[in-house]
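One letter stands for each residue in the lines below.
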Amino acid sequence: MNTRTNERVRCLIIGSGPAGYTAAIYATRANLSPVLYEGMQPGGQLTSTTHVENFPGHPDPIMGVQLMDNLKQQASRLGADLRSGIATGADLSQSPYRVIINEEICMEADTLIIATGASAKYLGLPDEQKYAGSGVSACATCDGFFYRKKVVAVVGGGDTACEEAIYLASLASKVYMIVRKNKLRASMVMQDRVFHNPRIEILFEHNTVGLFGEQALEGARLLKRQGMPDEEEVSIAIDGFFLAIGHTPNSGIFREWLATDEAGYILTDPNSPRTGLPGVFAAGDVADSRYRQAITAAASGCKAAMEADRYLLSV
Ligand code: NDP
């Protein structure tokens, strides 16, 4: 590794979502003098959502950006060393573990907390950016509440899409599922639930090609049986457009050293952020394909810092 600087720390945290900042708060209070690198999207996924109503301790809705800024300030006030920088490489072959920042700084760490999160996949339409925060979302649990008695669409045919559609159907007046194949990929039990939900209409063999609306989202343009001789363009009027086509865990640089599942989520001990390497912990969405909530990420960040403290006391 061709790096210019070497620095040794007791606790290195990579990522600045709820898991990373909570780990920093706990690690600082445990006198581990943590250094946290913010990563690709400072503040994490919550910075791309609007109102957050389900993070305990906030009786009124709080903007995702504000919540993350509060966490950052809390970690900073306690003394955590928060830095901007992206982890671009890692060598976890031995302790101290080495993480390369911005391809030039080599951080050597006695304990490493990986809290790099996951990124929701988008279709790649320019309109998704245009209506981000005003109709387009990748998290029904976060944003569904704002679509009470409205019409929404969920893109995808997997378990997540079914779960999101069922959740949204408990709030919205109607939920379209936009599915590119002629069948769902979800488990049979989830398929059964969406098929029997009167508020859910499944549009099989439809692909989204555009979104429209004056200020906020008003509808989506779809192609039915795209590329077939009987291809047809249809429009649906919707207030919300939810992506549920999967997430990508940001575990790339660590996969050589740590066990992951097929999708790349880092595998940890049950109910613990411990990985297969002593002193290396994975917290938040990078190790959680199931819950993916800010509060569960924060909880695992707390556990990771406590485990790091215990580990340092034991060596
Ligand atoms: P999946 O990969 O299972 O499903 C993704 C869905 O999105 C598929 O229907 C896929 O279509 C569709 N899709 C992907 N890309 C596009 C695209 N560009 N345009 C349109 N559609 C697209 O992801 P999930 O997030 O649903 O699930 C991930 C894992 O987590 C799975 O193993 C799942 O079983 C599990 N899970 C389990 C839950 C539970 O047990 N309660 C809840 C949620 C998830 P196609 O089928 O055509 O490829």
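Quick caveat, the model's predicted, so the values are computed rather than measured.

1. Section: the site of the ligand
Thought 1: Not every one of the 14 residues close to the ligand is listed here, only the nearest: Gly157, Asp159, Thr160, Arg180 and Arg185.
Thought 2: Measuring from an oxygen atom of the ligand, one finds a side-chain N or O atom of Thr160 at 2.6 Å.
Thought 3: Side-chain polar atom of Arg180 to an oxygen atom of the ligand: 2.9 Å apart, as the coordinates give it.

2. Looking at the packing of aromatic side chains
Thought 1: Applying the stated criterion to the full structure yields 2 aromatic pairs.
Thought 2: A centroid spacing of 6.2 Å and a plane angle of 80° characterise the contact between Phe145 and Phe146, whose relative ring orientation is edge-to-face.
Thought 3: Here the aromatic rings of Tyr147 and Phe242 are separated by 5.4 Å at their centres, their planes lie at 80°, and the arrangement is edge-to-face. With Tyr147 in the loop between helix H4 (140-143) and strand E11 (151-155) and Phe242 in strand E17 (residues 240-243), this pair connects stretches of sequence that are 95 residues apart. One exposure class covers both Tyr147 and Phe242, and it is buried.

3. As for the domain arrangement of the chain
Interface size is commonly expressed as the accessible area that is lost once the parts come together.
Thought 1: When its domains are assigned, the chain resolves into domain 1 (7-119 + 247-314) and domain 2 (122-243).
Thought 2: The straight-line distance from the C-alpha centre of domain 1 to that of domain 2 is 31 Å.
Thought 3: With 7 residues of domain 1 at the interface, the matching set in domain 2 holds 7 residues.
Thought 4: Here domain 1 and domain 2 share an interface that buries about 680 Å² over both sides, 43% of which is from carbon and sulfur atoms.
Thought 5: Of all residues in domain 1, Thr50, His51 and Glu53 bury the most surface against domain 2, accounting for 43% of the area lost on that side.
Thought 6: Here domain 1 and domain 2 share 0 salt bridges between them.
Thought 7: Between domain 1 and domain 2 we count 1 residue pair in polar contact (both at pLDDT 80 or more) in total.
Thought 8: For the side of domain 1 that touches domain 2, the residue count by class is no nonpolar, 5 polar and 2 charged.

4. Remarks on the layout of surface pockets
Thought 1: Quantified by volume, the second largest pocket comes out at close to 380 Å³.
Thought 2: Ranked by residues supplied to the lining of the second largest pocket, first place goes to helix H7 (residues 294-314) with 5 residues.
Thought 3: Grouping the amino acids of the lining of the second largest pocket by side-chain chemistry returns 8 nonpolar, 7 polar and 5 charged.

5. Here's the deal with helix H5 (residues 159-169)
Thought 1: Among the residues of H5, Ala161, Cys162, Glu164, Ala165, Leu168 and Ala169 are the ones counted as buried. Projection of H5 onto a plane perpendicular to its axis shows the buried side chains occupying an angular sector of 165°, all on one side.
Thought 2: Taken together, the buried residues of H5 touch H4, E11, strand E12 (174-179), helix H6 (188-195), strand E13 (200-204) and E17.

6. A few points about the pattern of salt bridges
Thought 1: In total, this model carries 11 salt bridges according to the counting rule given.
Thought 2: Look at the salt bridges and you will find they share partners, linking Glu7, Asp81 and Arg83 into a network.

7. Here we look at unusual backbone geometry
Thought 1: Of note, the bond from Ser95 into Pro96 is cis; its omega dihedral lies within 30 degrees of zero at 0°.
Thought 2: Structurally, the position occupied by Pro96 is in the loop between strand E6 (87-91) and strand E7 (97-101).
Thought 3: The backbone of Asn31 sits at a positive phi, close to 65°, despite the residue not being glycine.
Thought 4: Structurally, Asn31 can be placed in the loop between helix H1 (18-29) and strand E2 (35-37).
Thought 5: Residues other than glycine seldom take positive phi values, yet Asn102 does so here, at roughly 50°.
Thought 6: Within the secondary structure, Asn102 sits in the loop between E7 and strand E8 (105-114).
Thought 7: The exposure class of Asn102 is partly exposed, given its relative accessible area of 39%.

Scoring rules and cut-offs
Residues numbered from 1 in each chain as written. Predicted model: local features only at pLDDT ≥ 70, side-chain atom pairs only at ≥ 80, totals over all residues. Heavy atoms only, no water. Near = heavy atom within 4 Å. Polar contact = N/O pair within 3.5 Å; in protein donor to acceptor, adjacent residues only side chain to side chain. Phe/Tyr/Trp six-rings, centres within 6.5 Å; stacked < 30°, edge-to-face > 60°. Helix = DSSP H or I, 4+ residues; strand = E, 2+ residues; numbered from the N terminus. Buried < 20%, exposed > 50% of the residue type's maximum accessible area, 1.4 Å probe, protein only. Domains from an automatic or database assignment. Contact = heavy atoms within 4.5 Å. Buried area = accessible area lost by both parts, 1.4 Å probe. Salt bridge = Lys/Arg side-chain N within 4 Å of Asp/Glu carboxyl O. Nonpolar A, V, L, I, M, F, W, Y, C, P; charged D, E, K, R; others polar. 1 Å grid on protein atoms, 1.4 Å probe; cavity = no way out; pocket = protein on both sides within 12 Å on 5 of 7 lines; lining within 4 Å. Points joined across faces, edges and corners; volume = space filled by probe spheres on them. Arc of directions from axis to C-beta.

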